[in-house]
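Breakdown of the fold
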Amino acid sequence: MTKKLSLLLLLLLLLLPAHAVLKEGNLESTLAILRTELTNYHANLEREVGAMKEQQKAVQDMLFNVIARSNQNALMLYSQKPEYVFDLAYACHEATEQYEDFKQNLLPFRQFIDQNKSEIARYDNLINTLSSMNVANLSSKARLDKGVCLTLAINIRHTLSDNSKQFTDYIGYYDSLEKQLQALNDYANQCYREIQYSIFNNAGQNYFSVLKQLPENLQESKQAVQSKYFEKTKVRSQWDGRYIVTLFSLIAFYGLIAAAVNFFIARYLMPKRLRRPAIIARRKYIVMATSAITLAVIFGVIRFFSSQHFIVMASGLLVGYTWLMAVTLVSLLLRLGGRQIKSAFYLYAPLMGMSLSVIIFRIVLIPDNLVNLLLPPMLLVFTLWQWLVIRHHTRHVPQSDTLLSYASLLVFGLSLLASWMGYTLLSVQVLIWWMMQLTCILTITCLRGWLKAWGIKHRMRERKITKTWSFNLVYQVVLPVLAIASFLLAIYWAADVFNLSDKIWDIYRHAYINTKWFAASILAVAEVVSLYFVFKYLNHSIKAVLKLHFERSDISTAASRFTMAKNVVQVAVWGIWTICSLAVFHIDNTWLVVVSGGFSTGVGFAMKDILENIYYGISLMAGRIKVGDYIICDGIRGRVSSISYTSTTIEANDGSVISFQNSQLLTKNYKNMTKNHGYEVAVLEVGVAYGNNLKQVRELLQKNILKLPCVDVTRGVTVMVKELADSAVTLKIVAWVSVLTQAIDCSRILECAYDTLNANNIEIPFPQQDIHIINNETSQN
């Protein structure tokens, strides 16, 4: 109702005047324009008087309905007995919900009141200005316009004042209602704290004591049931036991109808192409899942159209339970085969049955003494049932379902222990939480398994990012975030059994660490972890896109450019994530700036060499060197295998792997042999005997060497005389060969020169000297 009230108030705001004039050529023109504006607005205001009265009447009715609901909630809350926890929690929820709704819709009413006062004050000033205006220098027409404007302004002001008086009583009602709702909300929060204390801290009688006083407890429970559900009154309550019996009769009836309809469809109307043996083997569980979905829809429709509070509350709880049961069954159908489904259903049946019992307790708002009497033996039965099905059916199901069934047994055991120790309400909370959490786990596991199988089938790992980004988004972001949210939602839904969902939300938002520099809540931690998966996906996707772009633009430089871009992207993405995390945790950056300033100064001196290497590394990766280049540094010849921000690794021709610091690489004036064209000059020497025709020798060598495939014919081969040596004429052969095969190509050129000279009977002399012996005796004679 308060939402409708807000809409009506907003409509009234639209009817408030918004007319004005701007500065014209002179005062007479301004008066003429103002007369036109006020005449039109006055006419519109007169036409809207009837509509405004109807709207004011509607606002009045709405306000009185809110007051009536507030009084009804107050009577319900203040009359509740503390030992009826379900009833008390329901009453507290109704009170706090109305107060929150009222606060959200309070602003439009305040805006209307304030704006109406502002408009009256504005017209008061306009009337004073027109009344005190000197008309001695005005023309007759201007005087007439001035008088008409004054009359219109007075009439408009009276109309606005009359409208404002209509809301004078509403303001008093509204203020009184706000105080009443606030007091009701404060009392409800106090009751909530008592309920929380009774759940988690205040243990009742242990069950052994209850059994010792069994006759007395049975008598008290009987009286509680009689007074709550079957007490005769002149006016029949909407929470009368007959309504409860009727409700469960309708539940059984609708359940049979849903099961019959779905069985008929599955048995007789299913298309022949779907009547495969695998589907027929699972038909019973398909009928159960579709029946649960049908029931959820039926209860949802009943809840929407019903005006009876008990039916609305019960239908809402049943919608949640049937929907969760349907999700569990659908998960089993999608993940398991026929025999596995049967065993898995038996494993999950005890928990679904126990959860239904707890939901029924909540629907009928069962008294606490009856819960304390019934719940412990029921838990004992369901715990034994869970243990028996684990013994007989775990060998037929996947390991994940086996682990979940043991987890259910553990939950049953803890709940059983808590209930027998007197913490009955806590055991109820644990059971409902695990039912919700298990449903979420099965759903997410099913989705993850199906997506993984689909990705393997379509080879998503081998595809490019342009084809896989949406799949990765769901698999790497949506599913992990859902897993995080499922834990919070399971607790939230479990708390809703006692109408404690609002308090759980407050617990999530409460800053358990709250200092001047840092504040952390459960919700904040969940947000930061969720953002981690989002930014991890962004980091992976952006790097994949850049790698694809570099490979398409220039495959030869793609590796080095990607190495540089990858590090930049990682720093940027995780830097933004860190900033977002700091903002979520409300971390004050003042102390970070001070600490980082002093820290960075010391680190700067200590990391001078590292920073220098990083600078040179960026320079190298910008294009000077790329992975795959052949370079020569310090006489070492090899292929560049990797480039980082601090060092460059070379695979030398002798098989060794050598790393150079980037600063050393530049200071030693390395040579990039493949930067431009991938060829280098090979300078070789060969000697021929004196007396040969050098011109002929040069032509023969050039002609035959050019025929070799390892020589770059575009640059030719040059043969020239280098030296007239002692034993031979030394010729120098200059040819361009591939950098990658330089050693082999030089050998081929020398071999070709040797064969060419031999084939043409050109002597290749070996070093020799002539020795002349001088006879001293002969010389003396």
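Placed above this text is the structure.
Right, let's walk through the structure included here. (Residues numbered from 1 in each chain as written. Predicted model: local features only at pLDDT ≥ 70, side-chain atom pairs only at ≥ 80, totals over all residues. Heavy atoms only, no water.)

Things to note about the overall build of the chain
For the record, the criterion: Each helix is a run of DSSP H or I of at least 4 residues and each strand a run of E of at least 2, with the numbering of both proceeding from the N terminus. For the exposure calls, accessible area comes from a 1.4 Å probe over protein chains only, and a residue counts as buried if that area is under 20% of its type's maximum, exposed if over 50%, partly exposed in between. Should any heavy atoms of two residues lie within 4.5 Å, those residues are considered in contact. Each accessible area value is a Shrake-Rupley result obtained with a 1.4 Å probe; residue values ignore everything except the protein chains displayed when judging cover.
When helices and strands are counted, the chain shows 26 helices and 10 strands. Burial status across the chain gives 40% buried among its 781 residues. Of all intrachain contacts in the chain linking residues separated by at least 6 positions in sequence, the fraction that spans at least 24 positions is 72%. Working note: accessible area of the chain is about 43700 Å², and carbon and sulfur atoms make up 60% of it.

Digging into the pairing of strand β6 (residues 657-661)
In plain terms, the rule: In short, DSSP must find at least two bridges between two strands for them to pair.
The pairing of strand β5 (residues 647-652) with β6 spans 5 bridges and is antiparallel. Pairing of Ile 650 across the sheet is with Ile 658, part of β6. Connecting the antiparallel pair β5 and β6 is a turn made up of 4 residues, with Gly 655 showing a positive phi of about 95°.

Topic: the state of the cysteines
As a reminder, the rule being used: Two cysteine sulfurs form a disulfide in these notes if their separation is within 2.5 Å.
Summed over all chains, the structure comprises 0 disulfides. Counting only cysteine sulfurs, Cys 710 is the nearest neighbor of Cys 746, a cysteine outside any disulfide, at a range of 8.5 Å. Relative accessible area serves as the criterion here: at 11%, Cys 746 is assigned to the buried category.

Comments concerning the sheet that holds strand β9 (residues 717-724)
So the rule is basically this: Throughout, an axis means a line fitted to C-alpha atoms (over the contacting stretch in the case of helices), and angles, computed between N-to-C directions, take values from 0 to 180 degrees.
Taken together, 3 strands build an open sheet; the order of strands is β8-β10-β9 and the sheet is antiparallel. The open sheet has two edge strands, β8 (679-688) and β9, and neither has a second partner. Each strand axis lies, on average, 25° off the axis of its neighbour in the sheet, ignoring direction. Both β8 and strand β10 (residues 729-738) contribute to a ladder of 10 bridges, which runs antiparallel. Residue Gly 687 lies in a different strand from β10, and its bridge partner there is Thr 730. The sheet contacts of helix α24 (residues 694-706) involve β8, β9 and β10, and relative to β9 the element is tilted by about 140°.

Here we look at a positive patch on the surface
Going by this rule: Each patch is assembled from residues with relative accessible area greater than 30% and no salt bridge, linking like charges that lie within 9 Å and nonpolar side chains (Val, Leu, Ile, Met, Phe, Trp, Tyr) that lie within 5 Å. Any carboxyl oxygen of Asp or Glu that lies within 4 Å of a side-chain nitrogen of Lys or Arg is treated as forming a salt bridge with it. Counted charges follow a simple rule, with Lys and Arg positive, Asp and Glu negative, and His plus the chain ends left uncounted. To locate a charge, take atom NZ for lysine, CZ for arginine, CG for aspartate or CD for glutamate.
Judged by side-chain charge, Lys 284, Arg 339, Lys 342 and Arg 395 come together as a positively charged surface patch. Tracing the sequence through the fold places Arg 395 in the loop between α14 (368-393) and α15 (399-420). Arg 395 gets classed as exposed once you look at its relative accessible area, which sits at 62%.

Examining the environment of Ser 79
Basically, it comes down to this: Throughout this description, a polar contact denotes any pair of N or O atoms lying within 3.5 Å of each other; where both atoms belong to protein, one of them has to be capable of donating a hydrogen while the other can accept it, and for residues adjacent in sequence the pair is counted only when both atoms sit in side chains.
Looking at where Ser 79 falls in the secondary structure, it is placed in the loop between α2 (27-78) and α3 (85-104). By relative accessible area, which is 52% here, Ser 79 ends up exposed. Between the C-alpha atoms of Ser 79 and Ala 91, which are 12 residues apart in sequence, the distance is 9.5 Å. Here Leu 75 takes part through its backbone oxygen, which lies 2.8 Å from a polar atom of the side chain of Ser 79. Engagement of the side chain of Ser 79 in a polar contact is seen with the backbone oxygen of Met 76, the distance being 3.1 Å.

Side note on the side chain of Asp 401
Here Asp 401 is to be found in helix α15. At 2.6 Å, the side chain of Asp 401 and the side chain of Tyr 348 are in polar contact.

A few points about the nonpolar core
Stated formally: Take the buried residues of types Ala, Val, Leu, Ile, Met, Phe, Trp, Tyr and Cys, join any two whose side-chain atoms come within 4.5 Å, and each joined set is a nonpolar core.
Counting residues in each nonpolar core, the largest one holds 63 residues, and the members touching the most others are Tyr 348 and Met 354. Considering every element that reaches this core, the biggest residue donor is helix α13 (residues 338-363), with 12 residues. When neighbours within four sequence positions are excluded, Met 354 is seen to be in contact with Leu 375, Met 378, Leu 379, Phe 382, Phe 412 and Leu 431. Of all hydrophobic cores here, the second largest spans 24 residues; its members include Val 729, Ile 733, Ala 735 and Ile 749.

Topic: the packing of α14 against helix α16 (residues 424-457)
Rules: The labels follow the angle: roughly parallel below 35 degrees, roughly antiparallel above 145, roughly perpendicular from 65 to 115, and oblique for the rest. By convention the crossing between two helices is left-handed if the near helix lies anticlockwise of the far one by an angle smaller than a right angle, and right-handed if it lies clockwise.
Viewed as axis vectors pointing N to C, α14 and α16 meet at an angle of 50°, and their least axial separation amounts to 10 Å. Overall, the two elements α14 and α16 adopt an arrangement that is oblique. As for how α14 packs across α16, the hand of that crossing is left-handed. Only Thr 424, Ser 427, Val 428 and Leu 431 of α16 make contact with α14, whose side of the interface consists of Val 371, Asn 372, Leu 375 and Leu 379.

What to know about the sheet that holds β5
Strand pairing in a sheet takes place through backbone hydrogen bonds and is either antiparallel or parallel in direction. Ordered in space as β6-β5-β4-β3-β7, the 5 strands form an open sheet in which the pairing is antiparallel. A strand with exactly one partner marks an edge of an open sheet, and here the two such strands are β6 and β7 (671-672).

With respect to α24
The test is simple: Helix span, expected: 1.5 Å multiplied by one less than the number of residues in the helix. Here, the arc refers to the directions that run from the helix axis to the C-beta atoms.
Taking 1.5 Å as the rise per residue, α24 with 13 residues should run 18 Å; its terminal C-alpha atoms sit 18 Å apart, in good agreement. Taken as a whole, α24 has its buried residues at Val 697, Leu 700, Leu 701 and Ile 705. Buried residues in α24, looked at end-on, bunch into an arc of 115°, giving them a common side. With respect to the buried face of α24, the exposed residues turned more than 90 degrees away are Lys 695 and Lys 703.

Focus: the packing of α14 against α15
Condition: For this scheme, ten residues count as nonpolar: Ala, Val, Leu, Ile, Met, Phe, Trp, Tyr, Cys and Pro. Four count as charged, namely Asp, Glu, Lys and Arg, and the remainder, Gly too, count as polar.
Where α14 meets α15, the closest approach of the two axes is 9 Å, and the angle between their N-to-C directions is 160°. Taken as axis vectors, α14 and α15 run roughly antiparallel relative to one another. Along this stretch, α14 crosses α15, giving a crossing that reads as left-handed. Residues Pro 376, Leu 379, Leu 380, Phe 382, Thr 383, Gln 386, Trp 387 and Ile 390 of α14 form the contact with α15, whose own contacting residues are Ser 405, Tyr 406, Ser 408, Leu 409, Phe 412, Gly 413, Ser 415, Leu 416, Ser 419 and Trp 420. When grouped by side-chain class, the residues that make up the contact of α14 with α15 number 11 nonpolar, 7 polar and no charged.

Quick word on unusual backbone geometry
With the exception of glycine, most residues fall at negative phi, and the peptide bonds are largely trans. Its identity is not glycine, yet Arg 459 carries a phi of approximately 55°, on the positive side. Looking at the element boundaries, Arg 459 is found in the loop between α16 and α17 (465-495). One non-glycine residue, Asn 761, lies in the positive phi region at around 50°. Topologically, Asn 761 is positioned in the loop between α25 (742-759) and α26 (776-780). The exposure class of Asn 761 is exposed, given its relative accessible area of 72%.

Things to note about helix α18 (residues 501-509)
Among all positions in α18, only Ser 501, Lys 503, Ile 504 and Tyr 508 are buried. All buried residues of α18 fall inside an arc of 160° around its axis, so they share one side.

Brief notes about the pattern of salt bridges
Close approach of charged atoms allows side chains with opposite charge to pair. Across all of its chains, the model carries 10 salt bridges by this definition. A salt bridge links Asp 145 to Lys 141, with the shortest nitrogen-to-oxygen separation between them at 3.1 Å. Highlighted residues: Asp 145 and Lys 141, both in helix α5 (residues 140-166), separated by 4 residues, approximately one helical turn. By relative accessible area, which is 3% here, Asp 145 ends up buried. For Glu 680, the salt bridge goes to Arg 637, with nearest N and O atoms at 2.1 Å. Remark: Arg 637 occurs in strand β4 (residues 636-643) and Glu 680 occurs in strand β8; sequence separation between them is 43 residues. Arg 637 carries the same exposure label as Glu 680, and that label is buried.

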